[in-house]
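# Examining the three-dimensional arrangement
The residues making up each chain are set out below.
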Amino acid sequence: MTADGSVDAGPIRIAVAGNPNSGKTTVFNNLTGLRAKVGNYPGVTVEKREGLLRGTPHSLLDLPGTYSLSARSPDEELARDVLLGRVPGTTRPDAVLLVIDASNLERNLYLTSQVLEFGMPVVIACNMLDAAAARGQRVDCDALSHELGVPVIGTVAATGEGLEAVREALLRARSLPPPPPRAWKLPEPMEEAARDAAAVMEASGVIPARSVRGGAVLWLMDYLAGDAASRRSAERFLTRLQPAHAAALCDAADRLLEAMADSAAAAVEARYEWISGVAARAVRQVSPRDRRISDAHETTIVQPAQASTETLTDRIDRILTHRVLGLAIFAGVMFLLFLSIFSWAEPLMGLIDAGQGALAGFVSDRMADGPLRSLLTDGVIAGVGAVVIFFPQICILFFCLALLEDSGYMARAAFLMDRLMSRVGLHGKSFIPLLSSYACAIPGIMATRTIEDRRDRFTTILIAPLMSCSARLPVYIILIAALFGDRTWLKAGVMFGLYALGTIAAMLLALLFKKTLFAGPRPAFILELPSYHVPRVGALLRSTWDRSKLFLTNAGTVIFCVSVIVWALSYFPRYAESELPADARTRIAAASDDAAREQVLAAEQLKASYIGQLGHFIEPAIAPLGYDWRLGIGLLSSFLAREVFVSVMGITFAVGESDESSVDLRRQLQTAAWPDGRLVLTAPAGVGLMVFYVFACQCVSTLAVVKKETQSWRWPIFMFVYMSVLAYVAALAVYQIGSRW
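Each chain has its residues counted from 1, following the order in which its sequence is written. Local features in this predicted model are restricted to residues whose pLDDT is 70 or higher, and side-chain atom pairs enter the listing and the counts only when it is 80 or higher, whereas totals over whole chains, interfaces and linings include all residues. The side-chain figures draw on all heavy atoms in the structure; neither hydrogens nor water molecules are used.

Let's shift gears to the overall build of the protein. Per the secondary structure count, the protein includes 31 helices and 10 strands. Taken over 741 residues, the protein has a buried fraction of 52%. Here, residues are in contact when the closest pair of their heavy atoms is within 4.5 Å. Nonlocal contacts in the protein, meaning residues at least 24 apart in sequence, comprise 73% of its contacts between residues at least 6 apart. Of the roughly 32,100 Å² of accessible surface on the protein, 61% is carried by carbon and sulfur atoms. Segments assigned H or I by DSSP are reported as helices when at least four residues long, segments assigned E as strands when at least two residues long, and all are numbered from the N terminus. A simple rule labels every residue: compare its accessible area, found with a 1.4 Å probe on the protein chains alone, to the largest value its type can have, and call it buried under 20%, exposed over 50%, or partly exposed in between. Per-residue and other accessible areas follow the Shrake-Rupley method at a 1.4 Å probe size, with only the shown protein chains counted as cover for residues.

Given below as structure tokens:
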């Protein structure tokens, strides 16, 4: 024993489990002092949060919020596999801290009963005692502890009440006895099948001996359940076993199926019957005049009188979920979210861009011209800038999402939008990621983590880049100005049409994907509307940073590497002026001054580079779209980032550094001609080029994030191919049809 009462046997590992909206993350943050390491479990995109219990070497692992350990979702399967020690790279926990919601005790006890059956030492934090005040209940934590056979400590995580007692209990977790055997009884045929399955699992050695009884019941329920996800999980477990053990498990399940056709439903009913008895003995209704909260020395909470009493959350929901007023408020909230990502990040992005330019200029002024200087300024610094410049948008998005989620409004937004999104086979939760993608597809795709169903999530990821992001704006602006001059209303109409085109195409493709690639019954939209809370600023900032920094460390690495590759393709081979073709030297000599000479020389060197050669190589393929090799270079360079098109066109047409407001570049685009004198950027070619940018996936940043979020190169490759084909066909149709009018 140490001075603080803990068992001196080295650090222990404690898993923190609980239902969504039970305050689990707040408890975890308090116990770790907000010092957690965030990553991902191998092979899945579910976040992995770890931290040290304050003042100790003991580690806490925050499991995904889940309602049960059945395998109906990746979160449930992952939480179960962590508790059983089946996740690569994650050590099986020595104990479990269960956070339950005192105001929804029966629902929370379902997960509690499953965890207890795994046989590990358990400490229960009966949380949100104050938030449950409107239900008129007195939760007797001592009685609940007696019923469950494990320590139960009353807490109010938002204020920190009771958490020191939880911390002290965790210090003694290793010395706690295992939970008592399962108190509730299954129908006899299932009890027999569970005993047989437990014996097989113990003999196989794939599950710790103390967990086999709980594991056997869960496996039988998954194997015999009607939903495909649970059955697939049970079958995956069989692949871990020797053939003889797998066959024995299947035999036990088959015998049970013959004896009881609805055994899984019977097990759920038996479990809930026991849970109802426990809750009835641990919870007491009180009258309004007895409404009071016990002092810190007691383990009960008094809540207002009747469960039917209208709460503040109910009164707010009458407005925020109203069929008309709720939608209007939601539109305002979404407008602010869109504005924050689209506009509020602009000053910070401008500072980053200016800093990148200043750093590149500083390096350029102090180094001789040559490949090393170009590598540092145009490759390394530009590559880092391509990563960091998105960071303000990422941070603002995740801060807003954390604010909406922690306050409880996110669930209401999904509820309001479900009716609209269901028409194309998506959930209401797909709306916010798609809306965010108008600013940038990267934060939009990362925001799909809130969508539980894999088919809906992947469909949303695949269509998110079709929303016209801010990176397309420079391309739209310069091309619209070159084609339509100063006709403001016409330009505004074309811009609106481009945004509408991407949105409509996204909805149609979502419908197509849900009927083909991700075909299947639309999952029931069952959504808990949690009570409203005032978010804690510290927790919001920590959550924002934890999620945003993953962009820098993961997707940023790929973006930087590709930036350097694109630089190399555009720099090499490097010819001296005397080595360039005669016609190129003639154009350089005709330049009016040194600045113009440098611009023409840069354009000729780009033409002779590998990427320039590639532009000439692909010209036969893009000529049917109305593009020459110069526009081809712009298309190829846009693979790094779409907005690169404008600056590359400035170099290609020898007008120097350019942006979307460049009059010289606009004039050059208007007068660019084929060798036979025909204009390149005709109205059909120009509109086709904008349509190409609406549909094409040319942003390596997006592809890198898709790879990270889907944990596979299959989906970014598919996205790139389908969007490129769609872009080519659409641009071809626009040019060929338009040219014949």
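Moving on from the model shown.
Turning next to helix 3 (residues 105-116). Look at helix 3: 16 Å from first C-alpha to last across 12 residues, which is about the 16 Å you get at 1.5 Å a residue. Within helix 3, 10 of the 12 residues are buried, which leaves the element mostly enclosed by the surrounding structure. Considered for burial, the residues of helix 3 that qualify are Leu 105, Asn 108, Leu 109, Tyr 110, Leu 111, Thr 112, Ser 113, Gln 114, Val 115 and Leu 116. In a helix, the anticipated span is given by 1.5 Å times the number of residues less one.

Moving on, we get to the environment of Asp 130. Residue position: Asp 130 is located in the loop between strand 6 (122-127) and strand 7 (137-140). For Asp 130 and Thr 155, which are 25 residues apart along the polypeptide, the C-alpha to C-alpha distance reads 8.9 Å.

To form a nonpolar core, buried Ala, Val, Leu, Ile, Met, Phe, Trp, Tyr and Cys residues must be joined to one another through side-chain atoms within 4.5 Å. Residues Tyr 476, Tyr 627, Phe 645, Leu 689, Met 690 and Met 719 are the most contacted members of the largest nonpolar core, which totals 98 residues. Look past the residues within four positions of Tyr 476 in its chain and what remains in contact with it is Ser 468, Met 495, Leu 498, Tyr 499, Met 690, Tyr 693 and Val 694. Counting 71 residues, the second-largest nonpolar core is a separate cluster that includes Leu 116, Val 156, Met 221 and Leu 241.

Looking now at the pattern of salt bridges. Think of a salt bridge as a Lys or Arg side-chain nitrogen and an Asp or Glu carboxyl oxygen that are within 4 Å of each other. One pass over the full model with this rule turns up 18 salt bridges. In this structure, Asp 369 engages Arg 373 in a salt bridge whose closest nitrogen and oxygen atoms are separated by 3.2 Å. On the basis of relative accessibility, which here comes to 66%, the residue Asp 369 falls in the exposed class. When the shortest N-O distance is used, the salt bridge between Glu 709 and Lys 708 registers 3.4 Å.

Moving on, we come to the packing of aromatic side chains. Any two rings among Phe, Tyr and Trp, with Trp reduced to its six-membered ring, count as a pair given centres within 6.5 Å; such a pair is stacked if its planes are under 30 degrees apart, edge-to-face if over 60, and tilted if neither. What the rule picks out here adds up to 15 aromatic pairs. Taken together, a centroid distance of 5.5 Å and an interplanar angle of 35° make the contact between Phe 718 and Tyr 722 tilted. With a gap of 4 residues between them, Phe 718 and Tyr 722 both fall in helix 31 (residues 714-739), about one helical turn apart. Put simply, the rings of Phe 458, Phe 513, Phe 518, Trp 715, Phe 718 and Tyr 722 touch in pairs and so form one group of aromatic residues. In this analysis the charged atom, NZ for Lys or CZ for Arg, is taken to sit over a ring once it is within 6 Å of the ring centre and within 35 degrees of the ring normal. When the ring centre of Tyr 110 is taken as origin, the NZ or CZ atom of Arg 271, which lies over that ring, is 5.3 Å away. Between the NZ or CZ atom of Arg 454 and the centre of the ring of Phe 458, over which it lies, the distance is 4.4 Å.

Moving on, we come to the side chain of Thr 544. Relative to the helices and strands, Thr 544 is located in helix 22 (residues 537-571). The buried category is assigned to Thr 544, whose relative accessible area is 7%. A 3.5 Å cut-off defines polar contacts: any pair of N or O atoms within that distance qualifies, except that in protein one atom must be a possible hydrogen donor and the other a possible acceptor, and neighbouring residues in sequence count only when both atoms are side-chain atoms. Polar side-chain contacts of Thr 544 include one of 3.5 Å to the backbone nitrogen of Phe 399. Setting aside chain neighbours within four positions, we find Thr 544 in contact with Cys 395, Phe 398 and Phe 399.

Following the sequence through the fold, Thr 66 ends up in the loop between strand 4 (59-62) and helix 2 (74-83). Of the residues examined, Thr 66 reaches a relative accessible area of 4% and is grouped as buried. The contacts of Thr 66, once residues within four sequence positions are left out, are Gly 18, Asn 19, Pro 20, Glu 76, Ala 79 and Leu 111.

The subject of this paragraph is a nonpolar patch on the surface. Patch building starts from residues that exceed 30% relative accessible area and form no salt bridge, then joins like charges within 9 Å and nonpolar side chains (Val, Leu, Ile, Met, Phe, Trp, Tyr) within 5 Å. Where nonpolar side chains cluster on the molecular surface, the patch consists of Trp 713, Ile 717, Phe 720, Val 721, Val 725 and Val 729 and spans about 560 Å² of accessible area. Here Ile 717 shows up in helix 31.

Because the α-helix completes a turn every 3.6 residues, residues three or four places apart line up on one side. Among all positions of helix 1 (residues 24-32), only Lys 24, Val 27, Phe 28, Asn 29, Leu 31 and Thr 32 are buried. Looking one or two residues beyond helix 1, the residue adopting positive phi is Gly 33, at roughly 70°.

Looking down a regular strand, the side chains alternate between one sheet face and the other. The buried count for strand 6 comes to 6 of 6 residues, which makes it a mostly enclosed element. Taking every second residue as pointing to the same face, both faces of strand 6 are buried, with Val 122, Ile 124 and Cys 126 on one and Val 123, Ala 125 and Asn 127 on the other. Each parallel crossover has a hand, and for strand 5 (residues 95-101) linked through helix 3 to strand 6 it is right-handed. When the strands point away from the viewer and the path from the first strand over the helix to the second turns clockwise, the crossover is right-handed.

Axis geometry follows a simple rule: fit a line to the C-alpha atoms, using only the stretch in contact for helices, then measure angles between N-to-C directions, giving values from 0 to 180 degrees. Running from N to C, helix 25 (residues 610-622) and helix 26 (residues 629-637) point in directions that differ by 110°, and their axes come no closer than 8 Å. Of the possible angle classes, the one that applies to helix 25 and helix 26 is roughly perpendicular. When you trace helix 25 past helix 26, the crossing you get is right-handed. Between helix 25 and helix 26, the contacting residues are Ile 611, Gly 612, Leu 614, Gly 615, His 616, Ile 618, Glu 619 and Ile 622 on the first element and Trp 629, Gly 632, Ile 633, Leu 636 and Ser 637 on the second. Residues are grouped as follows: Ala, Val, Leu, Ile, Met, Phe, Trp, Tyr, Cys and Pro are nonpolar; Asp, Glu, Lys and Arg are charged; every other residue, Gly included, is polar. Tallied by class, residues from the contact of helix 25 with helix 26 come to 7 nonpolar, 5 polar and 1 charged. Angle categories are assigned with fixed cut-offs, so that under 35 degrees is roughly parallel, over 145 is roughly antiparallel, 65 to 115 is roughly perpendicular, and the rest are oblique. Crossings are sorted by hand: turned counterclockwise from the far helix by less than a right angle, the near helix makes the crossing left-handed, and turned clockwise it makes it right-handed.

Cis rather than trans, the peptide bond between Phe 572 and Pro 573 has omega equal to -10°. Among the structural elements, Pro 573 can be located in the loop between helix 22 and helix 23 (582-589). Of note in this structure, Met 128 is not a glycine but carries a positive phi near 60°. Take Met 128: it is sitting in the loop between strand 6 and strand 7. Taking relative accessible area as the criterion, Met 128 reaches 9% and is therefore assigned buried. The backbone phi angle of Gln 711 is positive, close to 60°, even though this residue is not glycine.

The next thing to look at is the environment of Ala 439. By secondary structure assignment, the location of Ala 439 is in the loop between helix 17 (431-436) and helix 18 (441-446). As for Ala 439 and Ser 343, which are separated by 96 residues in sequence, their C-alpha atoms are 8.8 Å apart.

All right, on to the environment of Ala 519 then. Position of Ala 519 among the secondary structure elements: in the loop between helix 21 (488-515) and helix 22. Considered as a pair, Ala 519 and Gly 425 are 94 residues apart in the sequence and their alpha carbons are 9.6 Å apart.

With that settled, the discussion passes to the confidence of the model for the protein. If pLDDT is low for a region, its predicted coordinates should not be looked at in detail. Summing up the model confidence of the protein, the mean pLDDT is 81 and the portion of residues at 70 or higher is 86%. Every residue in residues 1-7 is under pLDDT 50, and counting partners more than four places away or in other chains gives 11 contacts. Every residue is assigned a pLDDT by the predictor, reflecting its confidence on a scale from 0 to 100.

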